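# Breakdown of the fold
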Amino acid sequence: MRNKNRSNVLLVEILIAVLFFMLSATVLVKVFVTSRNMTVRSGVQSVAVAEAQNVAEALYAAEDPDQLLADMSFMSSHGAWSKDYGDYTLYVYGYATPTDAGELWTGTVSAFYKLRNPDAVMMEDEELFSLSCARYKGVRS
(Lines give C-alpha, C1' and ligand atoms only; values in the text may rest on other atoms or scores of the structure.)
Protein backbone atom coordinates (compact mmCIF):
# COMPACT_ATOMS: atom_id res chain seq x y z
CA MET A 1 0.00 0.00 0.00
CA ARG A 2 2.81 2.32 0.89
CA ASN A 3 4.52 1.70 -2.45
CA LYS A 4 1.27 2.56 -4.27
CA ASN A 5 1.10 6.00 -2.57
CA ARG A 6 4.67 6.74 -3.61
CA SER A 7 3.78 5.92 -7.20
CA ASN A 8 0.79 8.26 -7.10
CA VAL A 9 2.86 11.09 -5.63
CA LEU A 10 5.54 10.58 -8.25
CA LEU A 11 2.90 10.56 -11.00
CA VAL A 12 1.36 13.82 -9.72
CA GLU A 13 4.82 15.40 -9.49
CA ILE A 14 5.62 14.43 -13.10
CA LEU A 15 2.22 15.71 -14.23
CA ILE A 16 2.86 19.10 -12.57
CA ALA A 17 6.30 19.31 -14.22
CA VAL A 18 4.79 18.52 -17.65
CA LEU A 19 2.10 21.18 -17.18
CA PHE A 20 4.75 23.73 -16.17
CA PHE A 21 6.81 22.99 -19.29
CA MET A 22 3.71 23.18 -21.50
CA LEU A 23 2.88 26.60 -20.05
CA SER A 24 6.46 27.74 -20.57
CA ALA A 25 6.45 26.52 -24.17
CA THR A 26 3.19 28.37 -24.86
CA VAL A 27 4.62 31.64 -23.53
CA LEU A 28 7.81 31.22 -25.56
CA VAL A 29 5.88 30.51 -28.77
CA LYS A 30 3.83 33.68 -28.24
CA VAL A 31 7.03 35.69 -27.69
CA PHE A 32 8.58 34.36 -30.90
CA VAL A 33 5.41 34.98 -32.93
CA THR A 34 5.22 38.56 -31.64
CA SER A 35 8.89 39.05 -32.46
CA ARG A 36 8.38 37.77 -36.00
CA ASN A 37 5.37 40.02 -36.54
CA MET A 38 7.38 43.03 -35.37
CA THR A 39 10.20 42.12 -37.76
CA VAL A 40 7.83 41.78 -40.72
CA ARG A 41 6.09 45.07 -39.85
CA SER A 42 9.45 46.82 -39.59
CA GLY A 43 10.50 45.55 -43.02
CA VAL A 44 7.22 46.68 -44.57
CA GLN A 45 7.60 50.08 -42.93
CA SER A 46 11.11 50.51 -44.36
CA VAL A 47 9.91 49.77 -47.88
CA ALA A 48 6.85 52.00 -47.43
CA VAL A 49 8.98 54.94 -46.25
CA ALA A 50 11.20 54.70 -49.31
CA GLU A 51 8.22 54.52 -51.67
CA ALA A 52 6.41 57.39 -49.92
CA GLN A 53 9.54 59.56 -50.18
CA ASN A 54 9.72 58.81 -53.90
CA VAL A 55 6.07 59.80 -54.35
CA ALA A 56 6.52 62.99 -52.28
CA GLU A 57 9.58 64.02 -54.28
CA ALA A 58 7.80 63.31 -57.56
CA LEU A 59 4.84 65.42 -56.39
CA TYR A 60 7.22 68.25 -55.51
CA ALA A 61 8.61 68.23 -59.06
CA ALA A 62 5.29 67.69 -60.88
CA GLU A 63 3.50 70.37 -62.83
CA ASP A 64 0.17 68.54 -62.46
CA PRO A 65 0.00 66.36 -59.29
CA ASP A 66 -3.25 64.66 -60.32
CA GLN A 67 -1.82 63.60 -63.67
CA LEU A 68 1.38 62.37 -62.01
CA LEU A 69 -0.55 60.23 -59.55
CA ALA A 70 -2.67 58.80 -62.37
CA ASP A 71 0.51 57.99 -64.31
CA MET A 72 1.92 56.26 -61.20
CA SER A 73 -1.17 53.96 -61.14
CA PHE A 74 -2.81 55.60 -58.13
CA MET A 75 -6.61 55.33 -58.03
CA SER A 76 -8.72 58.39 -57.25
CA SER A 77 -11.63 58.12 -54.83
CA HIS A 78 -13.43 60.93 -52.98
CA GLY A 79 -10.61 63.44 -53.42
CA ALA A 80 -7.87 61.06 -52.29
CA TRP A 81 -5.48 58.90 -54.27
CA SER A 82 -4.52 55.38 -53.20
CA LYS A 83 -2.28 52.59 -54.40
CA ASP A 84 -2.12 49.08 -52.97
CA TYR A 85 1.35 47.54 -52.64
CA GLY A 86 0.32 44.22 -51.07
CA ASP A 87 1.37 44.56 -47.44
CA TYR A 88 0.70 48.29 -47.28
CA THR A 89 -1.28 51.00 -49.05
CA LEU A 90 -0.20 54.54 -49.85
CA TYR A 91 -2.77 57.34 -49.72
CA VAL A 92 -2.19 60.83 -51.11
CA TYR A 93 -4.41 63.72 -50.07
CA GLY A 94 -3.79 67.10 -51.64
CA TYR A 95 -5.36 70.40 -52.51
CA ALA A 96 -4.35 73.54 -54.37
CA THR A 97 -4.73 77.01 -52.88
CA PRO A 98 -4.73 79.81 -55.45
CA THR A 99 -3.01 83.06 -54.46
CA ASP A 100 -2.32 86.33 -56.24
CA ALA A 101 1.25 85.26 -56.97
CA GLY A 102 0.56 81.66 -57.99
CA GLU A 103 -0.71 78.38 -56.63
CA LEU A 104 0.32 76.46 -53.51
CA TRP A 105 -0.27 72.71 -53.64
CA THR A 106 -0.18 71.04 -50.23
CA GLY A 107 -0.42 67.30 -49.75
CA THR A 108 0.08 64.39 -47.40
CA VAL A 109 1.43 60.95 -48.28
CA SER A 110 0.33 58.34 -45.73
CA ALA A 111 1.14 54.64 -45.48
CA PHE A 112 -1.17 52.10 -43.88
CA TYR A 113 -0.09 48.59 -42.89
CA LYS A 114 -2.60 45.84 -43.56
CA LEU A 115 -3.37 43.85 -40.44
CA ARG A 116 -4.93 40.50 -41.06
CA ASN A 117 -7.22 39.54 -38.22
CA PRO A 118 -7.30 35.72 -38.02
CA ASP A 119 -10.66 35.78 -36.21
CA ALA A 120 -12.44 37.88 -38.81
CA VAL A 121 -12.67 37.87 -42.58
CA MET A 122 -12.18 41.64 -42.87
CA MET A 123 -8.81 43.32 -42.92
CA GLU A 124 -7.87 46.29 -40.79
CA ASP A 125 -5.34 49.00 -41.59
CA GLU A 126 -2.91 50.64 -39.17
CA GLU A 127 -1.27 53.94 -40.05
CA LEU A 128 2.51 53.64 -40.25
CA PHE A 129 3.40 57.29 -40.92
CA SER A 130 2.49 60.43 -42.85
CA LEU A 131 4.70 62.73 -44.89
CA SER A 132 3.77 66.30 -45.73
CA CYS A 133 4.73 67.83 -49.04
CA ALA A 134 4.09 71.17 -50.69
CA ARG A 135 4.84 72.84 -54.01
CA TYR A 136 4.51 76.44 -54.94
CA LYS A 137 3.98 77.24 -58.60
CA GLY A 138 4.31 80.95 -59.25
CA VAL A 139 2.59 82.87 -62.02
CA ARG A 140 4.85 83.56 -64.97
CA SER A 141 4.81 87.10 -66.29
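Now for a quick tour of the structure. (Residues numbered from 1 in each chain as written. Predicted model: local features only at pLDDT ≥ 70, side-chain atom pairs only at ≥ 80, totals over all residues. Heavy atoms only, no water.)

### Remarks on the overall build of the protein chain
As a reminder of what qualifies: Secondary structure elements follow DSSP: runs of H or I no shorter than four residues count as helices, runs of E no shorter than two count as strands, and numbering proceeds from the N terminus. Taken over C-alpha atoms, the radius of gyration is set against a globule rule of 2.2 Å times the number of residues to the power 0.38.
A tally of helices and strands in the protein chain yields 2 helices and 5 strands. Secondary structure elements in the protein chain, listed N-terminal to C-terminal, are α-α-β-β-β-β-β. Expected size for 141 residues packed as a compact globule is a radius of gyration near 14 Å; at 28 Å, the protein chain overshoots this value by more than 25%. Across its three principal axes, the protein chain shows a C-alpha extent of roughly 110 × 25 × 20 Å.

### Some details on the packing of aromatic side chains
We count it as follows: Put simply, two rings from Phe, Tyr or Trp (the six-membered ring, in Trp's case) pair if the centres are within 6.5 Å, and we call them stacked under 30 degrees between planes, edge-to-face over 60, tilted for the rest. Buried, partly exposed and exposed residues are distinguished by accessible area as a fraction of the type maximum, computed with a 1.4 Å probe on protein chains only: under 20%, between the cut-offs, and over 50%, respectively.
Scanning the entire structure with this criterion turns up 4 aromatic pairs. For the pair F20 and F21, a centre-to-centre distance of 5.7 Å together with 65° between the ring planes defines the contact as edge-to-face. Here the two residues F20 and F21 agree in accessibility, since each one is exposed. Note on Y91 and Y93: the rings are 6.4 Å apart at their centroids and 15° apart in plane angle, and the pair reads as stacked. Residue classification places Y93 among the partly exposed residues on the basis of a relative accessible area of 40%.

### Overview of the side chain of S110
Selection rule: Any pair of N or O atoms that falls within 3.5 Å is considered a polar contact. Within protein, one atom must be able to donate a hydrogen and the other to accept it, and sequence-neighbouring residues count only if both atoms are side-chain atoms. Contacts are assigned to residue pairs that have any heavy atoms within 4.5 Å of one another.
Along the polypeptide, S110 turns up in strand β4 (residues 102–116). Reaching out from S110, the side chain makes a polar contact with the side chain of S130 at a distance of 2.8 Å. In contact with S110, not counting residues within four places along its chain, are T89, L90, Y91, E127, F129 and S130.

### Some words on the layout of surface pockets
Where we set the bar: Cavities and pockets are defined on a 1 Å grid built over the protein atoms alone: a cavity is a set of grid points where a 1.4 Å probe fits but cannot escape, while a pocket is an open set with protein on both sides within 12 Å along at least five of seven lines, and lining residues are those with an atom within 4 Å of any such point. Grid points are joined across faces, edges and corners, and a volume is the space filled by probe spheres set on the points.
Estimated volume of the largest pocket: approximately 240 Å³. Lining the largest pocket are 12 residues, and of these N37, V40, Y113, K114 and L115 lie nearest its centre. Looking at the lining of the largest pocket, the elements with two or more residues in it are α1 (2–61) and β4. Examining the composition of the lining of the largest pocket, we find that 6 residues originate from one element, α1, more than from any other.

### Regarding the pairing of strand β3 (residues 88–99)
Short version of the rule: Here the rule is simple: two strands pair whenever DSSP picks up at least two bridges between them.
Where strand β2 (residues 80–84) and β3 come together, 5 bridges link them in antiparallel fashion. Each bridged residue has a counterpart across the sheet, and for W81 the counterpart in β3 is V92. Between the antiparallel neighbours β2 and β3 lie 3 residues, among them G86 with a positive phi of about 100°.

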